[in-house]
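Examining the three-dimensional arrangement
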Amino acid sequence: MSDSPCLNCGACCATFRVSFYWGESDEVPGGLVPQRLTEQVTPHLSCMQGTNQPSPRCVALMGEVGGGVRCSIYEKRSSTCREFPFHGEDGQDSPDCQRARALHGLPPLPSNPRGPGQEPPVAA
Ligand code: SF4
């Protein structure tokens, strides 16, 4: 069982517009992201439903931000989610994590908490 702070956060999934090249959706052979959970942003960009609004929250995020959370499509999430520089990745702090947490009233994570090895919310 991981003790990653990401599993008790989820703020990143409820702060930013999560957009990506539309060809990542499963309407395209080889695509992974469930198309039914996306919406079109531009002719070439899609985003996760729920993230293109003033108070974003990805439709795939389960649980309560700041409580126990998980990504219901973890293995099929977009490159944007996979490449998000989460706090502690490679021993680096993440200003985006801290900003997202602050927007949700969560305290900042300790600087450079444990180095590499933390993961974003995982599917159960
Ligand atoms: S990691 Fe999962 S819940 Fe979070 S934004 Fe990506 S698809 Fe949504």
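Basis of the calculations
Residues numbered from 1 in each chain as written. Predicted model: local features only at pLDDT ≥ 70, side-chain atom pairs only at ≥ 80, totals over all residues. Heavy atoms only, no water. Helix = DSSP H or I, 4+ residues; strand = E, 2+ residues; numbered from the N terminus. Buried < 20%, exposed > 50% of the residue type's maximum accessible area, 1.4 Å probe, protein only. Contact = heavy atoms within 4.5 Å. Areas by Shrake-Rupley, 256 points an atom, 1.4 Å probe, with all protein chains shown as cover. Pairing = 2+ DSSP bridges. Axes fitted to C-alpha atoms, helices over the stretch in contact; angles between N-to-C directions.

As annotated in an unreviewed UniProt entry, the chain is Zinc-or iron-chelating domain-containing protein from Halopseudomonas litoralis.

1. Side note on the overall build of the chain
Per the secondary structure count, the chain includes 2 helices and 5 strands. Ordering the α and β elements of the chain from the N terminus gives β-β-β-β-β-α-α. Out of the 124 residues belonging to the chain, those deemed buried represent 41%. Long-range contacts, defined as pairs at least 24 residues apart, comprise 59% of the intrachain contacts of the chain with a sequence gap of at least 6. Accessible surface for the chain amounts to roughly 6,900 Å². Of this, 54% is attributable to carbon and sulfur atoms.

2. What about the sheet that holds strand S1 (residues 19-21)?
By definition, the strands of a sheet pair up through backbone hydrogen bonds, in either a parallel or an antiparallel sense. Read across the sheet, 3 strands follow the order S1-S3-S2 without closing on themselves; strand pairing throughout is antiparallel. Strands at the two margins of the open sheet, each flanked by one partner only, are S1 and strand S2 (38-40). When the angles between neighbouring strand axes are averaged without regard to direction, this sheet yields 35°.

3. Brief notes about the environment of Phe84
The topology assignment puts Phe84 in the loop between helix H1 (79-82) and helix H2 (95-103). Judged by its relative accessible area of 15%, Phe84 is buried. C-alpha separation for the pair Phe84 and Cys12, spaced 72 residues apart in sequence, amounts to 8.8 Å. The contact partners of Phe84, leaving out residues within four places of it in the chain, are Cys12, Phe16, Glu89, Asp96 and Cys97.

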